[in-house]
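Now for the letters of each chain:
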Amino acid sequence: MEQARFVIIGITDHPAPWFPPEVLDVIRQGKIFSGGKRHHDIVASLLPEGAEWIDITVPLDTVFEAYHRAAHFSEGAPIVVFASGDPLFFGFANTIKRKMPDAEILVYPTFNSLQLLAHRLVMPYHDMRIVSLTGRPWPEFDRALIERVEKIGILTDKEHTPAAIARRMLEFGYKDYTMHIGEHLGNPQQEQVSTLTLEEVAQRQFATPNCVILCGKTAEHTKVFGIPDASFALLDGREKMITKMPIRLLTLQTLELPQKHVLWDIGFCTGSISIEARLLFPHLQIEAFEIRPECETIIQENMHRFGAPGINIHMGDFCTVCCDAIATPDAVFIGGHGGHLKEIMAKVLQHLQPHGCIVMNSVKAPKVTTDSHKLWDEACNELGLQQEPPMRIVIDEHHPIEILKAHK
């Protein structure tokens, strides 16, 4: 079979695009072309007579089947693809590389939309964090907010609009940003650049395609290492229902979170472990479980209070919650077990990644009827888990806490 060859040409939304002579030669000699409908409308007048066009539409598997057929019958001629901006900047060239890794690819890029917006604003962009929300969920954007990045370039889509982005930022307290929005960049008849407050953006609609640059003065926000216990919204106002801050930080250290990717927090109650982990390690995906329905409102209030978006909440009895569609953890904290520790740990082991760990805090108090440490030891022995030496901590007049850790 012939090796597939692609020439990928970046274009803007300009209705009369300019191409250098080398690219014009590629177009004149081309036989098979491809791109989105918008791209076809822009370049149709430049295509040679009899040119074949392959529309890039979903599902992409159909598009690539057409590419394979074209490569087979093209006698070595390349497929000329038109793509927006720089095809290697979250662009279609990356999709071709992934779907057809053996293909020969030549790229002629132009400026991507965020570069064009920065040019219009006369804004240096070497220090800009790029986040794509085009067909992607919120986590990388949430991470940039939590890390207080001062300049964020965002590729949007019909769901993650400038207004939706602004509303999310305001919801979680990230108000110290100005938003620059570029609409139809590269099209002199439709191009529009706006600089607005988040409150203004949240109430407006913008033409697509568009992109966003956020600029904020975030230096005055000091990152907190350890949230004071009294700052949390509590379950029934009971301070004993929260993992104390020094224990919380030691627990996060024991979980080895800088090297982990997915944390399960089972029995989150107020959400203090999940929220502290989210703010200190924003690369983590956090899945939080709780059986008490009243705790859902509490964790959401605390997430908003401390600016911790992106914690996934699962309500109900952990032993009956279906976890098949939830990301598998490499770190698990058991904050509450209701006497069902063995069942919880057995279920965790069905999902725990090979080098993952389980951590639990056991209270040594005279009036505690269930000996959590004993249940832990029994569960570890029955399930074949390797335990690490426990860490015993006493804070002020509180009862001793043992931080327990095990792994496969």
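Here the structure is a predicted model, which is why all the values come from computation and not from measurement.

A. Main features of the overall build of the protein. Along the protein, the regular secondary structure elements total 13 helices and 17 strands. Its C-alpha atoms give the protein principal-axis dimensions of roughly 90 × 50 × 30 Å. Per-residue burial for the protein yields a buried fraction of 50% across its 408 residues. Sequence-distant contacts, at least 24 apart, represent 68% of the contacts inside the protein between residues at least 6 apart. Summed over all atoms, the accessible surface of the protein reaches about 20300 Å², with 52% contributed by carbon and sulfur. Where the 38 positive side-chain charges of the protein centre and where its 51 negative ones centre are 2 Å apart.

B. Representation of unusual backbone geometry in the model. In the segment running from V58 into P59, the intervening peptide bond is cis, with an omega of 0 degrees. Structurally, the position occupied by P59 is in the loop between strand 3 (52–55) and helix 3 (60–73). For the peptide bond that leads from T208 to P209, omega is 0 degrees, which places it in the cis range. Mapped onto the elements, P209 comes out in the loop between helix 8 (198–202) and strand 10 (210–216).

C. Here's a closer look at the sheet that holds strand 16 (residues 386–393). The 7 strands are arranged 13-12-11-14-15-17-16 in an open sheet whose pairing can be described as mixed. The open sheet has two edge strands, strand 13 (312–315) and strand 16, and neither has a second partner. The sheet shows a mean angle of 15 degrees between the axes of neighbouring strands, taken without regard to direction. Two strands pair when backbone bridges link them, and strand 11 (residues 262–266) and strand 14 (residues 331–334) are joined in this way by 4 bridges, in the parallel orientation. The partner of D265 across the bridge, within strand 14, is F333. Each of strand 14, strand 15 (357–363), strand 16 and strand 17 (401–407) is contacted by helix 9 (residues 245–254), which is oriented at about 15 degrees to strand 17, the strand it contacts most. Strands strand 11, strand 12 (285–290) and strand 14 of the sheet are contacted by helix 10 (residues 272–280), whose axis makes an angle of about 175 degrees with strand 12.

D. Molecular detail of helix 3. Helix length check: helix 3 (14 residues) gives 20 Å between terminal C-alpha atoms against 20 Å at 1.5 Å per residue, within 8%. Listed as buried for helix 3 are V63, F64, A66, Y67, A70 and A71. End-on, the buried residues of helix 3 take up no more than an arc of 155 degrees, which puts them together on one face. Of the surrounding secondary structure, the elements contacted by the buried residues of helix 3 are strand 1 (5–11), strand 2 (32–35), strand 3, strand 4 (79–84) and helix 4 (92–99). One or two residues past the end of helix 3 sits E75, with phi positive at roughly 55 degrees.

E. Molecular detail of the sheet that holds strand 2. If you walk across this open sheet you meet the 5 strands as 3-2-4-1-5, and the pairing is parallel. The open sheet is flanked by strand 3 and strand 5 (104–108), the only strands paired with a single partner. Strand-to-strand twist across the sheet, computed as the mean angle between neighbouring axes with direction ignored, equals 25 degrees. Both strand 1 and strand 5 contribute to a ladder of 5 bridges, which runs parallel. Bridge pairing in strand 5 links I8 to V107. Contacts from helix 4 reach strand 1, strand 4 and strand 5, with the element oriented near 175 degrees to strand 5.

F. Up close: the packing of helix 12 (residues 341–351) against helix 13 (residues 372–383). For the pair helix 12 and helix 13, interaxial distance at closest approach is 9 Å and the crossing angle is 40 degrees. Regarding the angle of helix 12 to helix 13, the classification is oblique. In the packing of helix 12 onto helix 13, the handedness of the crossing is right-handed. In this structure, helix 12 uses L341, K342, M345, A346 and L349 to contact helix 13, whose residues at the interface are S372, L375, W376, E378, A379, C380, E382 and L383.

Here is what the cut-offs are and how they apply
- Residues numbered from 1 in each chain as written.
- Predicted model: local features only at pLDDT ≥ 70, side-chain atom pairs only at ≥ 80, totals over all residues.
- Heavy atoms only, no water.
- Helix = DSSP H or I, 4+ residues; strand = E, 2+ residues; numbered from the N terminus.
- Buried < 20%, exposed > 50% of the residue type's maximum accessible area, 1.4 Å probe, protein only.
- Contact = heavy atoms within 4.5 Å.
- Areas by Shrake-Rupley, 256 points an atom, 1.4 Å probe, with all protein chains shown as cover.
- Lys, Arg positive; Asp, Glu negative; His and termini not counted.
- Charge placed at Lys NZ, Arg CZ, Asp CG, Glu CD.
- Pairing = 2+ DSSP bridges.
- Axes fitted to C-alpha atoms, helices over the stretch in contact; angles between N-to-C directions.
- Expected span 1.5 Å × (residues − 1).
- Arc of directions from axis to C-beta.
- Parallel < 35°, antiparallel > 145°, perpendicular 65-115°, else oblique.
- Left-handed = near helix turned anticlockwise from the far one by under 90°.

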